[in-house]
Amino acid sequence: MTQPPCSPLAGGEGSSPTTTAAIAIAGLTHRYGERPALRGIDLDVRRGEIFGVLGPNGGGKTTLFKVLATLVAPQGGAVTVFDEDTARHPERVRRRLGVVFQHPAVDGKLTVRENLACHAALYGLDGVESRARAATLLERLGLAERADDRVEALSGGLARRVELAKGLLHGPDLVLLDEPSTGLDPGARRDFFSYLVHLRDREGLTVVLTTHYMEEAERCDRIGFMHQGRLVAVDAPAHLKAEIGGDVVVVDAVDPEAMRRRIEERFGCVPQVVAGALRIEMPRGHEFVRDVVEAFPGDIRSVTYGKPTLEDVFVHLTGERFFDDVGAPGGA
Amino acid sequence: MRGVRALWWREIVRFVRQRSRLVGAFAQPLLFWLLLGGGFSASLRPPGAPADLGTMAYFYPGIIGLVLLFTAIFSTIAVVEDRKSGFLQGVLVSPISRGGIVLGQALGGTTLAVLQGALFLLLAPLVGISLSPGAILAVVGVIAAVAFALTSLGLVIAWRMESTQGFHAIMNLILMPIWILSGAFFPASGAAGWLGWLMQLNPLTYGMAALRRCLYLGAPEAVGRVPALVPSVLVTLAFCAVAFCAATATARRSR
């Protein structure tokens, strides 16, 4: 897995305009009836930071997102956005927030431009201001030529870009993006992320996003893995990968269960079975690759060897696979 | 205020771009009027209606009420659809207040209702009603007030609803009876005792009475026994205020 060419510095130190928190979450819990969705979240997101929330569906991402967007009041704990309590002063928080939901929030019967005008009015922008900002965004997101088409006539990818334009239109200080690049082709996805980095550098924008793309997660300053209602790890992608240490070897065997026992007996290490393949974290993995192939030549379909990726971090933490673009570098 | 105006404007743009709604909201009451009025006139006369007033003429203000009711229903269904489509969620995270959202929605529905109600006014000469410019103003004012109240009432229901299916059931159980028991269809004076009481408690009865009185401003003797103009207007305005506050309160509760 190659690093994206213009990945921001890990940690984002030096680029943050101030050290004050954009978001401060303390002891946040939430449950739907009997089912707990959030089991005590503590998290500070710095101003000017690009923070990725990752995790499988049902892990609590959406609930956390709704709390931050002021749609759901926290049941336990406290959440402040720019030092305003989201439960006590949602209207003050909303003013500084840009939100892009996973589900479309544009009106298909209105044109792209009309959608943006309507959105700008909801945020109290006057016509001149909103038209100027809309023109910039339409240009930047490649929508300028379709500005007078109704959104219902646009392809899924273009409609998604209208959502993104809407979220940024009123110049928010914090944008919450739930799977922003779903439906975008890889080029548009990279381009949009670069634009977020640009807005962060220029205007001090703080970004919190969820994603299923490892490539996007790699470009975040910090990421937090959510699993079963908890944040199981929060750090810069490079630090998270460094924590695993050594190499990751994945053995695709004809009979994974038998192979797991044989590797355990022979090499004394305990492979994890992930998605039908055996996964081993170890120092000097290249030697193991040689030895394992020599030991069981007929029983192995393939062996993959590499430095740990974020996918490996996630598997290490949860024992589950997660990213959509792993193993398909052409599509990522 | 800018946000209220944008939501109001959006309702109108959407309406214009969905032609079936326009046809539905106008053609259906027209059909009802011709079928009911025409069918009843030969055999029946609404009991208690003025003797020289035909059924077509008696139903005429009632059908205007039905136009307003249909428009209100359609525009509140739009709220349920907005929730399903996700548009409403986008509005809910914006800084506009819940009251502002409801006001934009209610004014949008009211505007559409007034335009369609006014279109129906063009048929007034067919039932022998001639309107002075002052009377037209009064009628349009009453139509606007009734439409605002009905749309707000619809919003109270719509903001609680998850799907349009449940909405239809509630509509038929609440809004249609309110219209039927408003004097639009038969006068309170001719109704059975308990029904008469219900009609007197029905706020729309006073809206319909105000409408009738304004339509026959020059010939009050043709109106028959309905509540007087001033109390009717006052009750209707109170209906507006109560329904709007209830809709806003409902919107506040559903975050």
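The structure contained in this document is the topic of the report that follows. (Residues numbered from 1 in each chain as written. Chains lettered and ligands numbered in written order. Predicted model: local features only at pLDDT ≥ 70, side-chain atom pairs only at ≥ 80, totals over all residues. Heavy atoms only, no water.)

### Examining the nonpolar core
In step 1: Among the nonpolar cores identified, the biggest contains 157 residues, and Ile23, Ile25 and Leu176 of chain A together with Tyr60, Trp159 and Phe167 of chain B are the most heavily contacted of them.
In step 2: Other than its neighbours up to four places away in sequence, Leu176 of chain A contacts Phe65, Leu68, Ala69, Leu97, Gly98, Val99, Val100 and Val208 of chain A.
In step 3: Judged by nonpolar contacts, the second largest core, of 14 residues, contains Ala253, Ile263, Leu278 and Val292 of chain A. (Core = buried A, V, L, I, M, F, W, Y, C linked by side-chain atoms within 4.5 Å. Buried < 20%, exposed > 50% of the residue type's maximum accessible area, 1.4 Å probe, protein only. Contact = heavy atoms within 4.5 Å.)

### Concerning the pairing of strand 1 (residues 21-32) of chain A
In summary, the side chains of a regular strand alternate between the two faces of the sheet.
All names here are of chain A.
In step 1: Sheet topology places strand 1 next to strand 2 (residues 35-46); 9 bridges connect them, and they run antiparallel. Across the sheet, the residue bridging to Ile25 is Leu43, located in strand 2.
In step 2: Connecting strand 1 to the antiparallel partner strand 2 that follows it, the hairpin turn spans 2 residues, and Gly33 within it adopts a positive phi of roughly 65°.
In step 3: Judged from the 5 bridges that link them, strand 1 and strand 4 (residues 76-81) form a sheet pairing that is antiparallel. Within the sheet, the bridge partner assigned to Ile25 lies in strand 4 and is Val79. (Pairing = 2+ DSSP bridges. Helix = DSSP H or I, 4+ residues; strand = E, 2+ residues; numbered from the N terminus.)

### Details of the sheet that holds strand 10 (residues 230-235) of chain A
All names here are of chain A.
In step 1: Taken in spatial order, the 6 strands make up an open sheet running 6-7-8-3-9-10, and their pairing is mixed. Each edge of the open sheet carries a strand with a single partner, namely strand 6 (97-100) and strand 10. Taking each pair of neighbouring strands and ignoring which way they run, the sheet shows an average axis angle of 15°.
In step 2: Relative to strand 8 (residues 206-210), strand 3 (residues 50-54) runs parallel, the two sharing 4 bridges. The partner of Ile50 across the bridge, within strand 8, is Val207.
In step 3: Seen against the sheet, helix 6 (residues 186-203) touches strand 3, strand 7 (174-178) and strand 8 and runs at an angle of roughly 135° to strand 3.
In step 4: Against the sheet, helix 11 (residues 310-318) engages strand 9 (222-227) and strand 10, with an angle of about 35° to strand 9. (Axes fitted to C-alpha atoms, helices over the stretch in contact; angles between N-to-C directions.)

### Concerning the pattern of salt bridges
Residue and element names in this part refer to chain A.
In step 1: Evaluated as defined, the whole model comprises 29 salt bridges over all chains.
In step 2: Across the salt bridge formed by Arg200 and Asp221, the nearest N and O atoms sit 2.6 Å from each other. Remark: Asp221 occurs in the loop between helix 7 (214-219) and strand 9 and Arg200 occurs in helix 6; sequence separation between them is 21 residues.
In step 3: The class of Arg200 is buried, set by a relative accessible area of 3%.
In step 4: A salt bridge links Asp252 to Arg301; the nearest nitrogen and oxygen atoms lie 3.2 Å apart. (Salt bridge = Lys/Arg side-chain N within 4 Å of Asp/Glu carboxyl O.)

### Details of the interface of chain A and chain B
In step 1: Listed per partner, the contact involves 28 residues of chain A and 23 residues of chain B.
In step 2: Buried area between chain A and chain B, summed over both chains or domains, comes out near 2400 Å², and the portion from carbon and sulfur atoms is 60%.
In step 3: Its largest share of buried area at the contact with chain B, chain A owes to Leu71, Arg94 and Leu122 of chain A, together 27% of the area lost on that side.
In step 4: With a closest N to O distance of 2.5 Å, Asp107 of chain A and Arg10 of chain B form a salt bridge.
In step 5: Here chain A and chain B share 8 residue pairs in polar contact (both at pLDDT 80 or more) between them.
In step 6: Those elements that place two or more of their residues in the side of chain A that touches chain B are helix 2 (90-95) and helix 3 (112-122) of chain A.
In step 7: Top contributing element to the side of chain A that touches chain B by residue count: helix 3 of chain A, with 5 residues.
In step 8: Class assignment for the residues of the side of chain A that touches chain B results in 15 nonpolar, 5 polar and 8 charged. (Buried area = accessible area lost by both parts, 1.4 Å probe. Polar contact = N/O pair within 3.5 Å; in protein donor to acceptor, adjacent residues only side chain to side chain. Nonpolar A, V, L, I, M, F, W, Y, C, P; charged D, E, K, R; others polar.)

### As for the side chain of Thr76 of chain B
All names here are of chain B.
In step 1: Secondary-structure assignment places Thr76 in helix 3 (residues 55-85).
In step 2: Polar contacts involving the side chain of Thr76 include one to the main-chain carbonyl oxygen of Ala72, which spans 2.9 Å.
In step 3: In this view, Thr76 contacts Thr151, Gly154, Leu155, Ala158, Phe167 and Met171; residues no more than four positions away in its chain are not counted.

### Some points on the side chain of Arg279 of chain A
Residues and elements named next belong to chain A.
In step 1: Assignment of secondary structure puts Arg279 in strand 13 (residues 277-282).
In step 2: A polar atom in the side chain of Arg279 sits 3.1 Å from the side chain of Glu281.
In step 3: Residues within four places of Arg279 in sequence aside, it is in contact with Ile244, Val248, Val249, Val250, Pro271, Gln272, Val274, Asp312, Val315 and His316.

### Thoughts on helix 5 (residues 98-121) of chain B
Since one α-helical turn is 3.6 residues long, residues separated by three or four positions face the same way.
In step 1: The end-to-end C-alpha distance of helix 5 of chain B, which contains 24 residues, comes to 34 Å, matching closely the 34 Å that a straight helix rising 1.5 Å per residue would cover.
In step 2: Burial runs high along helix 5 of chain B: 18 of the 24 residues are buried. (Expected span 1.5 Å × (residues − 1).)

### Structural notes on unusual backbone geometry
Residues and elements named next belong to chain A.
In step 1: For Thr70, which is not a glycine, the phi torsion comes out positive at approximately 70°.
In step 2: With respect to the helices and strands, Thr70 occurs in the loop between helix 1 (61-68) and strand 4.
In step 3: The class for Thr70 is buried, based on a relative accessible area of 1%.
In step 4: Not every positive phi belongs to a glycine, and Arg284 is a case in point at roughly 50°.
In step 5: If you trace the backbone, Arg284 turns up in the loop between strand 13 and helix 10 (285-295).

### A few points about the packing of helix 4 (residues 127-140) of chain A against helix 5 (residues 156-169) of chain A
Residue and element names in this part refer to chain A.
In step 1: The N-to-C vectors of helix 4 and helix 5 enclose an angle of 140°; their axes lie 10 Å apart at closest approach. Comparing the axis directions of helix 4 and helix 5 gives the class oblique. Crossing of helix 4 against helix 5: the hand is right-handed. Of the residues in helix 5, those touching helix 4 at Ser130, Arg133, Ala134 and Leu137 are Ala165, Leu168 and Leu169.
In step 2: Of the residues that constitute the contact of helix 4 with helix 5, the class distribution is 5 nonpolar, 1 polar and 1 charged. (Parallel < 35°, antiparallel > 145°, perpendicular 65-115°, else oblique. Left-handed = near helix turned anticlockwise from the far one by under 90°.)

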